[in-house]
Amino acid sequence: MPVKRLSVVVTRRLPEVVETRMKELFDVTLRDPDTPMSREELAAAMRQADVLVPTITDTIDAGLLGQAGEKLKLIANYGAGFDHVDVATARQRGILVSNTPGVTTEDTADMVMALILAVTRRIPEGLKVMQSGNWPGWSPMANLGGRLGGRRLGILGMGRIGQAVARRARAFGLQVHYHNRKRVRPETEAELEATWWESLDQMLARMDIVSVNCPHTPSTFHLLNARRLKLMKPSAVVVNTSRGEVIDQNALTRALRAGELAGAGLDVYEQGSELNPRLHDLANVVLLPHMGSATIEGRIEMGEKVIINIKTFADGHRPPDQVVPGMS
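S.K.: Any details on a nonpolar patch on the surface? Residues and values, ideally.
M.R.: On the surface, a nonpolar cluster with roughly 450 Å² of combined accessible area is contributed by Met130, Trp135 and Trp138. Examined against the element boundaries, Trp138 turns out to sit in the loop between α6 (123–132) and β6 (152–156). When its relative accessible area of 71% is taken as the criterion, Trp138 is described as exposed.

Below, the structure is given as structure tokens:
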């Protein structure tokens, strides 16, 4: 008799090679068109599937988990972040959760450096001049930015991505500082030539550039609030490729408009795709549409990890990237 294949529902379009491999292995329902599922569609998917493959655009809260069918036994998240899934409630209902850690580390670290360069060297402003067709020609005092070498970079969150940012920063001549929940190993500090600050407040007051690379948890929500932003130097720059909720977006907007900060490079936002409209008007702010992990190689590797997690689960074993409550 043929072996029954797992029923898998994928909530967004994935790279063709990933979708094709899923079709070969599972009884998979693919998403078409590539738009986020409504809450009703997610509930229906969770009633029919053995495995749900959501993304960061899908909020899987206790209410939705309460509507899940008896079949649903695994939420194989496509992405490293999992704060959009109520892992504790899923566990209580006997539903495992997995993610795809480590895949996007290098890609996101590349984007951190791209944003730092874009803001400090005023690249978008230069592009705008050229695209307007009104460039008057070279001038010694036109479009002056700042040199990276010798500046202090404060990394908020020294995990995989934070360390990858530190390695790149050293190549650009930046002095690396960091604040982390736990101090990293001495050999890691030595390799990165990184200075640890137990006090976030003290670090912020001394940095020229701050890169946010920590996850969103209850303890990191608005970690950079109005009070902490005021601690920073008026010449300082903030870059965020992690989670928008870590920065109070309205407080950041006020600080930038008041000249209390020199600039910001943002790839993530507190309200998802909804931005404070006053951010758009600022020449010293670079806004990207959550592109930090957007490489074809990364997206395929994420899909491969999802498939491994599902296949391992189907074979009766714990998924290698299982998430448990309390992880961050």
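Moving on from the model shown.
S.K.: Tell me what's going on with the nonpolar core, and back it up with residues and numbers.
M.R.: One finds Leu224, Met232, Leu252, Leu256 and Leu261 to be the most contacted residues of the largest nonpolar core, which totals 28 residues. Of all the elements in the fold, those that place two or more residues in this core are α9 (200–204), β9 (209–212), α11 (249–257) and β11 (263–266). For this core, the element with the most residues is α11, which contributes four residues. Once you skip the residues sitting within four places of it in the chain, Met232 turns out to touch Leu204, Val210, Val237, Val238, Glu260 and Leu261. Counting 27 residues, the second-largest nonpolar core is a separate cluster that includes Met111, Leu115, Ala166 and Val237.

S.K.: So what's going on with the sheet that holds strand β7 (residues 175–179)? Which residues, and what values?
M.R.: Pairing is parallel in the open sheet, where seven strands are placed in the order β8-β7-β6-β9-β10-β11-β12. The sheet is open, and its two edges are formed by β8 (194–196) and β12 (285–287), each paired on a single side. The average undirected angle you get between the axes of adjacent strands in this sheet is 20 degrees.

S.K.: How would you explain unusual backbone geometry if you had to name every residue and give the values?
M.R.: Peptide bonds are trans in most cases, and residues, glycine excluded, mostly fall at negative phi. Of note, the amide linkage connecting Asp32 to Pro33 takes the cis form, showing an omega dihedral of 10 degrees. Note on placement: Pro33 falls in the loop between β2 (27–29) and α2 (39–48). For His222, which is not glycine, the phi torsion reads 50 degrees and is therefore positive. Looking at the secondary structure, you find His222 in the loop between β9 and α10 (226–231).

S.K.: Residues and numbers for the pattern of salt bridges, please.
M.R.: If you walk through the whole model with that rule in mind, you get 20 salt bridges. Between Lys233 and Asp208 there is a salt bridge, and its shortest N-O distance comes to 2.7 Å. In this pair, Lys233 is assigned in the loop between α10 and β10 (237–240) and Asp208 in the loop between α9 and β9, connecting sequence segments 25 residues apart. Looking at Lys233, the relative accessible area reads 26%, which means it is partly exposed. For Asp208, a relative accessible area of 14% corresponds to the buried category.

Procedures and definitions
- Residues numbered from 1 in each chain as written.
- Predicted model: local features only at pLDDT ≥ 70, side-chain atom pairs only at ≥ 80, totals over all residues.
- Heavy atoms only, no water.
- Patch = residues over 30% accessible without salt bridge, like charges linked within 9 Å, V, L, I, M, F, W, Y side chains within 5 Å.
- Areas by Shrake-Rupley, 256 points an atom, 1.4 Å probe, with all protein chains shown as cover.
- Salt bridge = Lys/Arg side-chain N within 4 Å of Asp/Glu carboxyl O.
- Helix = DSSP H or I, 4+ residues; strand = E, 2+ residues; numbered from the N terminus.
- Buried < 20%, exposed > 50% of the residue type's maximum accessible area, 1.4 Å probe, protein only.
- Core = buried A, V, L, I, M, F, W, Y, C linked by side-chain atoms within 4.5 Å.
- Contact = heavy atoms within 4.5 Å.
- Pairing = 2+ DSSP bridges.
- Axes fitted to C-alpha atoms, helices over the stretch in contact; angles between N-to-C directions.

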